[in-house]
Amino acid sequence: MPDFSTSPLKVLIVDDQPLMSGALKMLVESSSDMECVGIAANGEEGLESSLAIRPDVVLMDMQMPVMGGVEATERITAELPNTKVLAITTFTSEPYLVPALRAGAAGYLLKDADPETIIGAIWSVHRGESVLSPAVTRKLLSSIEGDGSGIGTTTVSEGDPDGSDLTPRELDVLRLLARGRSNPEMAEELHLSESTVKANLTKIMDKLEVRDRVQVIIRAAQLGLVTLALD
């Protein structure tokens, strides 16, 4: 289980661009409850460092030499189930987005995200939540609407949950989730507590029979419950 004690959150940075990894290190260490426990220049080094250090969260670039971010993510999440990987990259194209999510990345952010968003995303994935930036969510929805199965999920069959039992409040939460809103943002827009938002998300996942927020978006788009028009 993740460690939610008062000790600083251990963050490993994997990026082949020294300027970017340096900036991320400064950002992580600017937060008093986080520490950068290492920097790796490629996926192979990232995997080796992860196995040795067992960080809480890995910030993972996607396109790197020796071993790319997708393979490194898959191997880290397979061998270290308590370590969460947050993809942070310049690419929203399907060749990176879809495989990263399939490999087990708990979140996918763009490198131009503001510092507060990145810090918040690190904590979110550590808590077991999935994080997608609005631009990434739009790309994911576009992929689903384009071919119906772009993320490698099964299509909806007769007898599968169709979302008809979702309450109006749960649909409100679902549609904001599809716009890339975080839990605090959804709570503010809907005038709810964060705990109520989380409870609604849990009910949505149960009703749609999916395991996380990314799969919620995928299934909801397949069912026509959310569309690109919502963004």
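Here the structure is a predicted model, which means the values were calculated and not measured.

S.K.: Any chance you could break down the environment of Leu171 for me, citing the residues and the numbers?
M.R.: For Leu171, the position within the fold is in helix H7 (residues 168–177). What makes Leu171 buried here is its relative accessible area of 19%. The sequence separation of Leu171 and Leu225 amounts to 54 residues, and the corresponding C-alpha distance is 8.1 Å.

S.K.: Would you mind going over the confidence of the model for the protein chain in detail, with residue names and values included?
M.R.: Within the protein chain, residue pLDDT values average 84, and 85% of them lie at 70 or more. pLDDT under 50 marks residues 148–154. Its contacts with residues more than four places away, or in other chains, come to 18 contacts.

S.K.: Which residues make up the packing of helix H9 (residues 194–208) against helix H10 (residues 213–222), and what values do they have?
M.R.: Two elements in contact, H9 and H10, have axes separated by 10 Å at closest approach and are oriented at 55 degrees. As judged from the angle between their axes, H9 and H10 are oblique. The hand of the H9/H10 crossing is left-handed. Side by side, H9 and H10 meet where Leu201, Ile204, Met205 and Leu208 of the first sit next to Arg213, Val216 and Arg219 of the second. Broken down by class, the residue content of the contact of H9 with H10 amounts to five nonpolar, no polar and two charged.

S.K.: Which residues make up the nonpolar core, and what are the values?
M.R.: Residues Met60, Tyr108, Leu132, Leu140 and Leu174 are the most contacted members of the largest nonpolar core, which totals 49 residues. With six residues, H10 is the largest single contributor of residues to this core. The residues touching Leu174, leaving out its near neighbours within four places in the chain, are Leu166, Ile204, Val216, Ala220, Leu225 and Val226. If you look at the next biggest cluster of nonpolar residues, it comprises 21 residues, including Val11, Cys36, Leu109 and Val131.

S.K.: I'd love a proper account of the sheet that holds strand E2 (residues 34–40), names of residues and values included.
M.R.: The strands making up a sheet associate through hydrogen bonds between their backbones, and the pairing can be parallel or antiparallel. The parallel open sheet is built from six strands, whose spatial order is E2-E1-E3-E4-E5-E6. Taken across any chain shown, the strands that pair with only one partner, and hence form the sheet edges, are E2 and strand E6 (131–132). Here four bridges tie strand E4 (residues 84–89) to strand E5 (residues 107–110), and the two strands are oriented parallel to one another. For Leu86, the partnering residue across the bridge sits in E5 and is Gly107. Of the strands in this sheet, strand E1 (9–14), E2 and strand E3 (57–60) touch helix H2 (residues 43–53), which is tilted by about 160 degrees from E1. Those strands touched by helix H3 (residues 69–79) are E3 and E4, and its axis lies near 170 degrees from that of E3.

S.K.: Kindly report on the pattern of salt bridges, identifying the contributing residues and their values.
M.R.: A complete count under the given rule lists six salt bridges for this structure. Between Arg75 and Glu71 there is a salt bridge, and its shortest N-O distance comes to 3.8 Å. A residue pair is termed a helical-turn pair when its members lie 3 or 4 positions apart in one helix, as Arg75 and Glu71 do in helix H3 at four residues. Sharing partners across several salt bridges, the network here consists of Asp15, Asp61 and Lys111.

Cut-offs and rules
Residues numbered from 1 in each chain as written. Predicted model: local features only at pLDDT ≥ 70, side-chain atom pairs only at ≥ 80, totals over all residues. Heavy atoms only, no water. Helix = DSSP H or I, 4+ residues; strand = E, 2+ residues; numbered from the N terminus. Buried < 20%, exposed > 50% of the residue type's maximum accessible area, 1.4 Å probe, protein only. pLDDT = per-residue confidence, 0-100. Contact = heavy atoms within 4.5 Å. Axes fitted to C-alpha atoms, helices over the stretch in contact; angles between N-to-C directions. Parallel < 35°, antiparallel > 145°, perpendicular 65-115°, else oblique. Left-handed = near helix turned anticlockwise from the far one by under 90°. Nonpolar A, V, L, I, M, F, W, Y, C, P; charged D, E, K, R; others polar. Core = buried A, V, L, I, M, F, W, Y, C linked by side-chain atoms within 4.5 Å. Pairing = 2+ DSSP bridges. Salt bridge = Lys/Arg side-chain N within 4 Å of Asp/Glu carboxyl O.

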